[in-house]
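Residue-level structure breakdown
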Amino acid sequence: PLQKELQKELNIDATHYNLFFSVSFFPNIVLPLFAGYLADRIGRRPTLIGYSFLLACGQFLFSLGVSNHTYYLSLSGRFFFGIGSEALSIVYMAALGAWCPTKLAFALGTYVGVGRLGGIACNIALPYTFKATGKTSAGFWLGFGFSLGIFLCAISVSLIEKYAVSHGLFSDNSNQQQIIPLCQVFRTFPQIFWILSILCGLIYSGKNSFNYMGSALVQTRFGFDIQTAGIIISIPLFMIIFGNPIFGAILDKTYKNSVALIISSFVLLVALIYISCLPNCYRCLQAVVFFPVYGLGCTLFMAAFWPCIRYVVDKSLTTTAYGLCFCIQDFFNFASPLITGIVVDKTKSYV
């Protein structure tokens with residue numbers, strides 16, 4: 001939401017701004033595979049704590065760089081933040097498969113939905129902290145506080161699971177399953193896994209590129225102020241929070257994930273064509289209408305997609321499979337924001 005303000009404060013163009021996102025995805029073109037494999041090897045608990053600590057360190061460096069107007073320090077923070085956040089998501093998704101095997105779509109839907117509260121907090125809180133303090137760094141330091149909360153939550157989850165295992169309340173077989181050598185992993189996954197991973201990369205890279213520049217687009221093309229723009233672009237996030245668990249519960253009973261993936265991909269395509277073809281207008285309702293439709297497509301896709309990975313691979317390789325899927329997704333995510341920034345700089349248009 002503070003794209004224009006951050007560009008001005010750090011004296012960077014849209015290409016360098018979008019590099020913040022590309023650099024966070026760049027290491028994850030490869031590293032999530034090893035992060036997932038490591039979790040399958042040594043267990044969830046130590047990796048949860050380690051990855052959340054890395055995430056907090058990355059946010060600290062980014063906030064410090066913005067405070068000191070040091071672009072490359074901020075960029076390094078995004079690098080480490082990206083590694084920690086992706087690895088943490090991989091382990092949590094695999095853990096939910098072990099904790100909630102019969103309600104997987106609902107559990108993952110709730111996890112993804114609640115996770116979007118952070119996006120809403122960012123979209124709404126950052127403009128207000130900037131208005132109150134006149135500094136873009138204030139909101140990012142608030143984000144560092146949240147990242148410390150994530151670290152404490154990871155420690156708490158690890159302790160709760162350890163207690164449950166020691167008291168016979170939960171059977172943890174994650175370290176007792178036969179682990180296939182990493183060099184043989186690629187041959188063990190079926191063709192449908194690779195198709196799903198490429199679909200994930202295409203959908204998420206397009207969605208993320210739009211999200212990163214959504215606030216600037218709403219302000220530039222449709223004349224909304226920064227605070228209103230933050231609320232408008234949060235509409236899809238609100239829909240994900242409430243819609244994901246509902247769609248997940250339905251899919252747990254119907255197992256129509258493949259149909260849901262087709263429908264959601266079509267809805268997203270129609271929504272993005274609509275906003276691209278919509279003429280510029282001042283605070284028009286037509287622009288706002290796009291966001292609920294877009295949010296519906298995102299919500300249905302997320303609820304349907306993530307359980308599919310566990311359904312199509314061997315249970316002992318679930319975390320590794322999520323890691324490899326994230327690698328493919330982040331290959332697309334790395335290139336997409338960079339290309340988007342270059343196009344915006346060259347054309348001076350968000351269409």
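None of the values given here were measured: they were computed from a predicted structure.

Okay, the nonpolar core next. In this structure, Phe 193, Val 218, Phe 222, Phe 305, Trp 306 and Tyr 322 are the most contacted members of the largest nonpolar core, which totals 55 residues. In this structure, Phe 193 is in contact with Ile 309, Val 312, Val 313, Ala 321, Leu 324 and Cys 325, ignoring residues within four places of it in sequence. In this structure, Leu 75, Tyr 212, Met 213 and Val 344 belong to the second largest nonpolar core, which totals 20 residues.

Side chains that differ in sign of charge can pair as their charged atoms come close. Counted under the stated rule, the structure contains three salt bridges. Taking the shortest distance from any N to any O, the salt bridge between Glu 161 and Arg 44 comes out at 2.9 Å. Separated by 117 residues along the polypeptide, Glu 161 in helix H7 (residues 137-166) and Arg 44 in helix H4 (residues 44-67) bring together distant segments of the chain. Relative accessible area serves as the criterion here: at 5%, Glu 161 is assigned to the buried category. Here Asp 225 makes a salt bridge to Arg 283, at a shortest N to O gap of 3.2 Å. Residue Asp 225 is located in the loop between helix H10 (214-222) and helix H11 (226-232), and its partner Arg 283 is located in the loop between helix H13 (257-277) and helix H14 (285-312); the two are separated by 58 residues in the primary sequence. Judged by its relative accessible area of 31%, Asp 225 is partly exposed.

All right, on to the packing of aromatic side chains then. Inspection of the entire model under this criterion finds 23 aromatic pairs. Ring geometry for Phe 20 versus Phe 62: centroids 5.4 Å apart, planes at 90°, classification edge-to-face. In this pair, Phe 20 is assigned in helix H2 (residues 14-25) and Phe 62 in helix H4, connecting sequence segments 42 residues apart. The buried category is assigned to Phe 62, whose relative accessible area is 6%. Each ring, one from Phe 290 and one from Phe 291, has its centre 4.9 Å from the other, and the planes form 80°; the classification is edge-to-face. We note that Phe 290, like Phe 291, is buried. One aromatic cluster is present, built from ring pairs that chain together Tyr 17, Phe 20, Phe 62, Tyr 71, Tyr 72 and Phe 140.

Thresholds, definitions, all that
- Residues numbered from 1 in each chain as written.
- Predicted model: local features only at pLDDT ≥ 70, side-chain atom pairs only at ≥ 80, totals over all residues.
- Heavy atoms only, no water.
- Core = buried A, V, L, I, M, F, W, Y, C linked by side-chain atoms within 4.5 Å.
- Buried < 20%, exposed > 50% of the residue type's maximum accessible area, 1.4 Å probe, protein only.
- Contact = heavy atoms within 4.5 Å.
- Salt bridge = Lys/Arg side-chain N within 4 Å of Asp/Glu carboxyl O.
- Helix = DSSP H or I, 4+ residues; strand = E, 2+ residues; numbered from the N terminus.
- Phe/Tyr/Trp six-rings, centres within 6.5 Å; stacked < 30°, edge-to-face > 60°.

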